[in-house]
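One letter stands for each residue in the lines below.
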There are 2 protein chains.
Amino acid sequence: MQRAAARALRGARSPPVRMRSVAARSPPRGLVYERHGEPPAVLQLKDLEVAELGDSDVHVKMLAAPINPADINMIQGSYAILSPLPAVGGSEGVGEVLEVGRRVAALRPGDWVIPADSGLGTWRTRGVFPEELLLKVPRDIPVLCAATLSVNPCTAYRMLADFQPLAPGDSVIQNGANSGVGQAVIQIAKASGIKTINVVRDRPDLPKLVERLMALGADHVITEEMLRKPEMKEIFKSIPKPRLALNCVGGKSTTEMLRHLQPKGIMVTYGGMAKQPVTVPVSAFIFRDVQLRGFWMTQWKRDHAQDQQSLASMIDALCQLIRRGQLAAPACTEVPLQDYKVALEASMKPFTSSKQILLF
Amino acid sequence: MQRAAARALRGARSPPVRMRSVAARSPPRGLVYERHGEPPAVLQLKDLEVAELGDSDVHVKMLAAPINPADINMIQGSYAILSPLPAVGGSEGVGEVLEVGRRVAALRPGDWVIPADSGLGTWRTRGVFPEELLLKVPRDIPVLCAATLSVNPCTAYRMLADFQPLAPGDSVIQNGANSGVGQAVIQIAKASGIKTINVVRDRPDLPKLVERLMALGADHVITEEMLRKPEMKEIFKSIPKPRLALNCVGGKSTTEMLRHLQPKGIMVTYGGMAKQPVTVPVSAFIFRDVQLRGFWMTQWKRDHAQDQQSLASMIDALCQLIRRGQLAAPACTEVPLQDYKVALEASMKPFTSSKQILLF
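Residues numbered from 1 in each chain as written. Chains lettered and ligands numbered in written order. Predicted model: local features only at pLDDT ≥ 70, side-chain atom pairs only at ≥ 80, totals over all residues. Heavy atoms only, no water.

1. As for the overall build of chain A
Within chain A one finds 14 helices and 17 strands. For 360 residues, the compact-globule estimate of 2.2 N^0.38 gives 21 Å, and the C-alpha radius of gyration of chain A, at 22 Å, lies within 12% of that figure. With respect to the principal axes defined by its C-alpha atoms, chain A has extents near 75 × 40 × 35 Å. The contacts of chain A with a sequence gap of at least 6 include a subset with a gap of at least 24, amounting to 71%. Element-wise, carbon and sulfur atoms account for 52% of the exposed surface of chain A, whose accessible area totals about 15,800 Å². (Helix = DSSP H or I, 4+ residues; strand = E, 2+ residues; numbered from the N terminus. Rg over C-alpha atoms; globule rule 2.2 N^0.38 Å. Contact = heavy atoms within 4.5 Å. Areas by Shrake-Rupley, 256 points an atom, 1.4 Å probe, with all protein chains shown as cover.)

As structure tokens, then:
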């Protein structure tokens, strides 16, 4: 009774209060792994210790956090950066600030925050994090957009902006076009008047997938097999050959995609879903002057950690697209935290088009 | 008698006269192919028609011309650019100007010239060429240096200059290090204080080859097998990991070489002697941010055809290195034109370290 009365007095929207009352009721919980392995086997939903709030710390109540392929690889121990064990899974998500340390100036209770770097451990109900690991985002965008903003749309935005000057009417080709990044590429390109050729793997429900990507703004959606066929010429009657190719697959798909690049075109590799290397005929380098480069959002964020302006202007540009309805959250399946095993298994299935989002 | 007297009067060093007297004695001859195929089979030494000298033309007596891998591929019909048939073989060489058309201002009889583009057909005793296809070189460098200047040293020079800023003490790794380009890379890098790690194929006379490349200024000469061994670490105790890799092989050699590049390093492919594609693990792009690019001297010359300054300053820089004894001609075997079949066969043998040079 006393607690309920206090809540009513202070107002349910007053986060520090709510936190304290919640904290008093139940400790934070999170998906913890103590060793590397298959996520459904090694992750356990556990009570976490309540960390003390330091002067530069921020206490955050997580609202929603997706399961991304990189999260799976980190838990498996096969990713380029690994968290010290034991660790809480998850690198992306959105949370609401509950309280801030005395020296925290840029964040206030009630603000929404997303991770500024990989490996924050977002699959938890609450956590205390140093301020520099968080980035403020506006509260007027849908929670699912905010929860999925810090990796995929940022990756898509940077790859379209940083490698090749693209003007309206130019074209971009990408494989894995139904991935989170792929869907963001389609929408950001569309908003800039850039044409997209989107390669997906053949599958039983292909027409449905094609329809969905076209609805997002895709100009062409083709299968990997199509890349080898003479019908490709038809596409290049209406749009120019791509100056930029975005690769998250590897193997044959990538080699075939590369053949359609313009001379002096650039291919950016940001993933390797096929678990096969990129293979390029020597002639493509010598006689067509194509360039192969790579992109990793984690590295970009580290390289730009002191460059708040670049970071803020990217978040701002993406939020504007979201507000204008030009950048939607990826197709999501919302799953309550306790059902995390179902979500993990769904996220690891081949041909998954729907992103699993944990709700706290 | 009359002809000999005229020669004596005009002086043997007066080229137009010498040309006319030569012309009167014998028509120009050249190595002609009427169809694509294996060079020893399809090339024939033939009398050529004497072309008339147009106002913008230059009549050139060839002095020496090498047999390069690209020449072989052009004759085989497998190169990216092919000459209209019938064609005279050869893309590199040095000649002496015999006479010039009325509108030719930049060249005079007696000048030495090299081709400004590929496919000139240098395997001939004399020829009439448009002025814009020729580039003047100083006469105070050895004839074998001039004959081998326009492709390999220029390729080496540009690859060291245009892709990655290199400071004294930085290192470069290259495969096919005993190729014409490879030898030029060693010498140009040495003159700039840049360390070279030179990869060659294992062979019976390896110690001799190692000695020769070390004498040119190589810092390390290793076999392809060495690339995979832990002993590589020893090298990187004394010099930094390379920021630039130069690849003319392809296949496994290239993948292994790439592993030693610094993060954010660049690999430039300019040849594919192994006739195998370049294969790169996805992680090299994403987590090490390596870049793969290509270089083709022919394209560079076309892109810079109007930029005489770039061209002239490169030739000037290379000639200065030659004069200072810092850039020698590659190991050469000089062969009289009539023995061309021997030279062609020698040039197509595996493990050929000596460049075949036709003399006219």
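2. A word on the pattern of salt bridges
Counted under the stated rule, the structure contains 26 salt bridges over all chains. One salt bridge connects B:R259 with B:E256, and the closest N-O pair in it is separated by 3.2 Å. Taking relative accessible area as the criterion, B:R259 reaches 45% and is therefore assigned partly exposed. Residue B:E256 is classed as buried on the basis of its relative accessible area, which comes to 13%. Each of A:R228, A:E256 and A:R259 takes part in one network of salt bridges that share partners. (Salt bridge = Lys/Arg side-chain N within 4 Å of Asp/Glu carboxyl O. Buried < 20%, exposed > 50% of the residue type's maximum accessible area, 1.4 Å probe, protein only.)

3. Examining the environment of B:K61
Residues and elements named next belong to chain B. Residue position: K61 is located in strand 3 (residues 57–66). The spacing of K61 and W112 is 51 residues in sequence and 9.5 Å in space, taken between C-alpha atoms. Those residues within four positions of K61 in sequence are excluded, and the remaining contacts are G95, E96, L98, T125, R126 and F360.

4. Let's talk about the relation of the copies chain B and chain A
A rotation about an axis combined with a shift along that same axis relates the two copies of the chain. The transform that puts chain B on chain A rotates by 180° and translates by 0.0 Å along the axis, for an RMSD of 0.0 Å. On the angle and the small slide along the axis, the relation comes out as a two-fold axis. The residues that chain B uses at the interface reappear at the interface of chain A in 100% of cases, marking a shared surface. (Least-squares fit on C-alpha atoms with pLDDT ≥ 70 in both.)

5. Focus: the domain arrangement of chain A
All names here are of chain A. Here chain A is described as being made up of domain 1 (2–148 + 329–359) and domain 2 (152–298). On a C-alpha basis, the centroid separation for the pair domain 1 and domain 2 is 32 Å. For the pair domain 1 and domain 2, the summed buried area comes to about 980 Å², and 47% of that belongs to carbon and sulfur atoms. Inspection of the domain 1/domain 2 interface yields 0 salt bridges. In terms of residue class, the side of domain 1 that touches domain 2 is made up of 6 nonpolar, 5 polar and 3 charged. (Domains from an automatic or database assignment. Buried area = accessible area lost by both parts, 1.4 Å probe. Nonpolar A, V, L, I, M, F, W, Y, C, P; charged D, E, K, R; others polar.)

6. A few points about the interface of chain B and chain A
Chain B puts 26 residues into the contact, and the matching count from chain A is 27 residues. Summed over both sides, the interface of chain B with chain A buries roughly 2,100 Å², with 66% coming from carbon and sulfur. Looking only at chain B, the three residues that lose the most surface to chain A are B:F285, B:I286 and B:F287, adding up to 27% of its buried area. Counting across the chain B and chain A interface gives 2 salt bridges. The partner of A:K264 in a salt bridge is B:D303, with the nearest N and O atoms 3.4 Å apart. Across the contact surface, chain B and chain A share 6 residue pairs in polar contact (both at pLDDT 80 or more). Secondary-structure elements contributing two or more residues to the side of chain B that touches chain A are strand 14 (278–280), helix 11 (282–288) and strand 15 (291–294) of chain B. Grouping the amino acids of the side of chain B that touches chain A by side-chain chemistry returns 15 nonpolar, 7 polar and 4 charged. Taken together, the 3 bridges between strand 14 (residues 278–280) of chain A and strand 14 of chain B define a ladder with antiparallel strand orientation. From the neighbouring strand, A:T279 faces strand 14 of chain B, where its bridge partner is B:T279. (Polar contact = N/O pair within 3.5 Å; in protein donor to acceptor, adjacent residues only side chain to side chain. Pairing = 2+ DSSP bridges.)

7. Some points on the sheet that holds strand 4 (residues 87–88) of chain A
Backbone hydrogen bonds are what pair the strands of a sheet, in a parallel or an antiparallel way. Residues and elements named next belong to chain A. With respect to topology, 3 strands assemble into an open sheet ordered 2-1-4, the strand pairing being antiparallel. The open sheet is flanked by strand 2 (43–47) and strand 4, the only strands paired with a single partner. In this structure, strand 1 (residues 29–33) lies alongside strand 4, joined through 2 bridges in antiparallel fashion. From the neighbouring strand, V32 faces strand 4, where its bridge partner is V88.

8. Structural notes on helix 14 (residues 340–348) of chain A
Residues and elements named next belong to chain A. If you check which residues of helix 14 are buried, you get Y340, A343, L344 and A346. What you see down the axis of helix 14 is that its buried residues fit within an arc of 165°, all on one side. Buried positions along helix 14 lie against strand 1, helix 3 (39–42), strand 2, helix 4 (69–76), strand 16 (332–336) and strand 17 (355–359). (Arc of directions from axis to C-beta.)

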